[in-house]
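Breakdown of the fold
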Amino acid sequence: MSDPTWYAQPFRADGGITANGLLNQLGNPSLSWLTLLVREAAQNSWDARLPSSAEVRFRLDLSTVGAGHSAAWRRLFAPQASGADHQGGVFRTLAQARSIRYLAVSDRGTSGLAGPTRSDVGRTERREWARFVLNSGDRDGSSSASSGGTYGYGKSALYQLSKVGCVLVYTRFTDDDGHLRSRFMGVAIQESFWVGDAHYTGRHWWGLPEDDHCEPLCDAQADATARELGIPGFSAEETGTTLVVVEPDLTDPTLPDSDTTPELSVAGAGAYLADAAAWNLWPIMLPERPTRMTVSVTANGVEMVVPDAESDAVLAYFASAHRTIGEGGGEWLTCQRPKKDLGRFAHAFTFGATVSSPAARELGLEGAPHHVCLMRGPELVVRYHSGPERSNRSAGYVGVFRGADELDPLFARSEPPTHDAWEPQQLQGRQATFVRTTVRRVKERCDVLSGMQARPSVDVGTYAMGSVAHRLGHLLAGPGGTGAAVIVSDSRPGGSSSQPTNSVGAADSPLGGLDLNGDNGGAQGTHSPYPSRGSKHRRPTLLGEPRFEVIDERPVVVQRVRVHGPDRVEGMVRVLTGDGGAENASPLGAEHPEVYGWRVPHKDGHIPGEVLFHAGEACEVELIVTAVADVLMDIKVVGRT
């Protein structure tokens, strides 16, 4: 058996594509190569998931070649008799380097790269090896309806990230006979060049050269080579792929790109990769999925924390909206002419949750979120559509739009090679109309959620004659905010005489009475606990400023009130307009604040309803009002005889 070496691809008589042409297929993307690598590599891994596997394990390991493996790396890049050593000394430089850094991108629970090792033979269903290692833009055998972009142009991100344009490919798969097979090959994409009168494309493969192509190392030889290089192998019946990006470019994506832009440290790059994975892959990382992706990142052997919907507040809001769609909730966004359901949309309001991740900032998210995550069938993040901000800088909203399954191939065709946008100009006729309308519908929802369609509000701080009132501006809705407490409400019936639509308990008799000091001193039957006409009666008194809380995962505003017994007190709430007047009708589909109930001493939970009967002496109670996104509310507490 011949020794492995580098094979340089010559131009054929009928032409070919240069290495530069391959690298330019992604164009000039707006995202950094670090982020693109995470997106494209994870997309390929997700597309290759095994039907029998409940988990795709995706790893990013940034490391430096250890002393025990450096000799094998130097041999791999030693100058060869082929055209490999004519590439500006790239291979020679690597062979002489004192240290080599690499980024290993691996997946397990995936199918591996099977199929023929030549692109001109073997008409079989599985052609992953040819699509990824040999060809470019080849989607033969893939399904755009069920994949994010199986081995199209996205693999260029791997070579673009490598300073030397080199990637090592190590894969394991099950062949048609049920046998486990391994393959190993080096791939390099550099400048085209001449050797005498011979013209070379700039594409290279490291393996077992034949007359007109290069074969990979297989089975035991492939496994042995990977071990010599320190590349993690496979356990038991495991299948999958490990891609090793040689000398990754760690230029800081947060700084303007220039020849002098500094690189991130290994630890900094690891943290960036972990954040990029979280913000681009969170929909397929959710733990409740029947098949999910787990992501781990290491930097020089140190495990990096990968944020998720359990640890990051904004991701939790996105996940909540995503779950709403998964449960059949949310709303359908539709095209009217022609009539077509475009996909489902769900949203959540946020309070106090902010984004500070540099990787998220690259995607357009920073501070309070005001974004809609666009996705289609594979449920990978396409992009975050940025809507108008809300008027309060602590306020935010998130949304998720998932395209209808029927339109998934259409949305896929509208995506550029980087899969980070939906571009209707790439389509024609009704197909372009559907994508264009989708973008417009999402924008319309953002306008509503931001409050742009509402009239401007002012903060009024006066007290109404004959009542205790306080105007509260910009009260914010959404679960999981930064309130002072999270309370589980009591669903037992209280002393409410009227029951609003969001009441959680039945009303007692108006004559029942309740002693707020802990004694049941209320009169029964026809003996009213309230003063007769002409008696001196003190109005309820507002105490302090209102505060924000969360009850039953719902945001509320809590106002302390002093009542003087015996009393019948009633809480009321209305929405104010910009001139301080009451809003007569809410916008279509808008929420309206309501009295949620009362909290009283010596009683767990709360008493639902607008009216509270107090048969005891003077004490403090709390009025609870549902908080509605970014509206000006007038809260009144009045005493009734």
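Overview of the structure. (Residues numbered from 1 in each chain as written. Predicted model: local features only at pLDDT ≥ 70, side-chain atom pairs only at ≥ 80, totals over all residues. Heavy atoms only, no water.)

**Here we look at the overall build of the chain**
Keep this limit in mind: Counting from the N terminus, the helices are DSSP H or I runs at least four residues long and the strands are E runs at least two residues long. Accessible area is worked out with a 1.4 Å probe on protein chains only. A residue is then buried under 20% of its type maximum, exposed over 50%, and partly exposed in between. Note on contacts: a residue pair qualifies if any of its non-hydrogen atoms lie within 4.5 Å across the two residues. Areas reported here follow the Shrake-Rupley algorithm with a probe of radius 1.4 Å; residue values treat only the protein chains shown as occluding.
Secondary structure assignment for the chain yields 12 helices and 27 strands. Looking at the chain as a whole, 53% of its 641 residues are labelled buried. Intrachain contacts of the chain at a sequence separation of at least 6 include 71% that bridge at least 24 residues. Looking at the chain as shown, the accessible area adds up to about 28200 Å², and 48% of this sits on carbon and sulfur atoms.

**So, the nonpolar core**
To be explicit about the condition: Put simply, a nonpolar core is a bunch of buried Ala, Val, Leu, Ile, Met, Phe, Trp, Tyr and Cys residues held in one set by side-chain atoms that sit within 4.5 Å of each other.
Ranked by internal contacts, the top residues of the largest apolar core, which has 79 residues, are Val133, Trp279, Leu281, Trp282 and Phe318. Counting residues per element, this core draws most heavily on helix α8 (residues 266–285), which supplies 13 residues. Aside from chain neighbours lying at most four places away, what touches Phe318 is Trp279, Trp282, Leu365, His371, Cys373, Tyr384, Val398, Gly399 and Val400.

**Description of the side chain of Asp107**
Note the following rule: Only four residue types enter the charge count: Lys and Arg as positive, Asp and Glu as negative, with His and the chain ends excluded. Basic side-chain nitrogens of Lys or Arg form a salt bridge, by our definition, when they fall within 4 Å of a carboxyl oxygen of Asp or Glu. The definition of a polar contact used here is a pair of N or O atoms within 3.5 Å, where within protein one atom must be able to donate a hydrogen and the other to accept one, and adjacent residues in sequence count solely through side-chain atom pairs.
Assignment of secondary structure puts Asp107 in strand β3 (residues 101–108). Put simply, Asp107 is tucked away with no salt bridge, and the nearest opposite charge, on Arg108, sits 5.0 Å away. Here the side chain of Asp107 touches Ser45 through a polar contact of 2.7 Å, side chain to side chain. Residues within four places of Asp107 in sequence aside, it is in contact with Ser45, Arg57, Thr239, Gly240 and Thr241.

**What to know about the packing of helix α2 (residues 33–47) against α8**
Each pair of packed helices can be described by the angle between their axes along with the distance between the axes. Let me state the cut-off plainly: Fitted lines through C-alpha atoms serve as axes, helices being fitted only where they are in contact, and the angles separating the N-to-C directions of these axes extend from 0 to 180 degrees. Any angle that falls under 35 degrees is termed roughly parallel, while one over 145 is termed roughly antiparallel, one within 65 to 115 roughly perpendicular, and all others oblique. Whether a crossing is left-handed or right-handed is set by the direction in which the near helix is turned from the far one by less than a right angle, anticlockwise for left-handed and clockwise for right-handed. Three classes are used: nonpolar for Ala, Val, Leu, Ile, Met, Phe, Trp, Tyr, Cys and Pro, charged for Asp, Glu, Lys and Arg, and polar for all others, with Gly counted as polar.
Interaxial distance between α2 and α8 falls to 9 Å at its minimum, and their mutual angle equals 40°. One element, α2, and the other, α8, form an angle in the oblique class. The interaxial crossing formed by α2 with α8 has right-handed handedness. Touching Leu34, Thr35, Val38, Arg39, Ala42 and Trp46 of α2 are Tyr272, Leu273, Ala276, Ala277, Asn280, Leu281 and Ile284, all from α8. In the contact of α2 with α8, the residues fall into 10 nonpolar, two polar and one charged.

**Things to note about the pattern of salt bridges**
Taken as a whole and judged by the stated rule, the model has 27 salt bridges. Notably, a salt bridge pairs Arg118 with Asp120, separated by 2.8 Å at the nearest N-O pair. Asp120 gets classed as exposed once you look at its relative accessible area, which sits at 52%. Of the charged contacts in the structure, one is a salt bridge between Glu444 and Arg441, with a shortest N-O distance of 3.4 Å. Remark: Arg441 and Glu444 occur in helix α12 (residues 429–450); sequence separation between them is three residues, near one turn of the helix. For Arg441, a relative accessible area of 15% translates into the label buried. Salt bridges sharing common partners tie together Arg289, Glu379, Arg402 and Asp405.

**A few points about the environment of Leu37**
Locating Leu37 in the fold gives a position in helix α2. Between the alpha carbons of Leu37 and Ser156 there is a distance of 8.8 Å; along the sequence they are 119 residues apart. Ignoring anything within four residues of it in the chain, the contact list for Leu37 reads Ala42, Leu60, Leu103, Val105, Ala157, Leu158, Leu161 and Val245.

**Some details on the sheet that holds strand β16 (residues 381–386)**
Spelled out, the test is: The criterion for strand pairing is that DSSP finds at least two bridges linking the strands in question.
Ordered in space as β13-β14-β17-β15-β16, the five strands form an open sheet in which the pairing is mixed. Looking at the sheet topology across the chains shown, the edges are occupied by β13 (331–335) and β16. Geometrically, the sheet is characterised by an average inter-axis angle of 25° between neighbouring strands, direction not taken into account. Together, β14 (340–351), β15 (370–375), β16 and β17 (395–403) form the strand contacts of helix α9 (residues 313–326), whose direction differs from that of β14 by roughly 145°. Contacting β13, β14, β15, β16 and β17, α12 crosses the sheet at an angle of about 130° to β13.

**Here we look at the layout of surface pockets**
Let me state the cut-off plainly: Here the term cavity refers to a set of points on a 1 Å grid, laid over the protein atoms alone, in which a 1.4 Å probe fits but cannot get out; the term pocket refers to an open set having protein on both sides within 12 Å along at least five of seven lines, with lining residues being those that place an atom within 4 Å of a point. Grid points are joined across faces, edges and corners, and a volume is the space filled by probe spheres set on the points.
Computed from the structure, the second largest pocket encloses a volume of approximately 580 Å³. For the lining of the second largest pocket, the secondary structure elements donating two or more residues are β1 (5–10) and β7 (198–209).

**Things to note about unusual backbone geometry**
A cis amide bond, omega 0°, links Arg337 with the succeeding residue Pro338. Of note in this structure, Ala236 is not a glycine but carries a positive phi near 45°. Tracing the chain through its elements places Ala236 in the loop between α7 (219–229) and β10 (240–246). Residues other than glycine seldom take positive phi values, yet Glu379 does so here, at roughly 60°.

**As for the packing of α8 against α9**
Look at α8 against α9: their axes get within 10 Å of each other, and the N-to-C directions meet at 25°. Overall, the two elements α8 and α9 adopt an arrangement that is roughly parallel. You can see that α8 and α9 cross each other, and the crossing is right-handed. On α9, the residues touching Ala278, Trp279, Trp282 and Pro283 of α8 are Val314, Leu315, Phe318, Ala319 and His322. Along the lines of polarity and charge, the residues of the contact of α8 with α9 split into eight nonpolar, one polar and no charged.

**As for the pairing of strand β4 (residues 166–174)**
On a regular strand, each side chain points to the face opposite its neighbour's, so the side chains alternate between the two faces of the sheet. Most of β4 is tucked away: eight of the nine residues are buried. Strand direction decides the pairing type here: β4 and strand β5 (residues 180–189), joined by nine bridges, are antiparallel. Residue pairing across strands places Arg172 opposite Ser182, the latter belonging to β5. Between the end of β4 and the start of β5, which pair antiparallel, lie five residues, with Gly178 showing a positive phi angle near 85°. Taken together, the six bridges between β4 and β10 define a ladder with antiparallel strand orientation.

**Overview of the packing of aromatic side chains**
Basically, it comes down to this: Any two of the Phe, Tyr and Trp rings considered here, Trp counted by its six-membered ring, make a pair once their centres fall within 6.5 Å; the pair's planes then place it as stacked at under 30 degrees, edge-to-face at over 60, or tilted in between.
This model, assessed by the stated rule, comprises 17 aromatic pairs. Between Trp6 and Phe77 the ring centres are 6.1 Å apart and the planes differ by 25°, which places this aromatic pair in the stacked class. Here the residue Trp6 occupies a position in strand β1, and Phe77 occupies one in the loop between α3 (70–76) and α4 (90–96), the gap between them amounting to 71 residues. The exposure class assigned to Phe77 is buried, which follows from its relative accessible area of 0%. For the ring pair Trp279 and Tyr384, a centre distance of 6.5 Å and an interplane angle of 65° mean the geometry is edge-to-face.

**With respect to α7**
Note the threshold: Taking the helix axis as origin, the arc is that swept by the directions to the C-beta atoms.
Those residues of α7 not exposed but buried are Ala222, Thr225, Ala226 and Leu229. Buried residues along α7 cover an arc of 100° about the axis, so they all sit on one side. Along α7, the residues that are exposed and aim more than 90 degrees away from the buried face are Ala220 and Arg227. Taken together, the buried residues of α7 touch α3, β4, β5, β7 and β9 (217–218). Two residues or fewer after α7 comes Gly230, characterised by a positive phi angle close to 80°.

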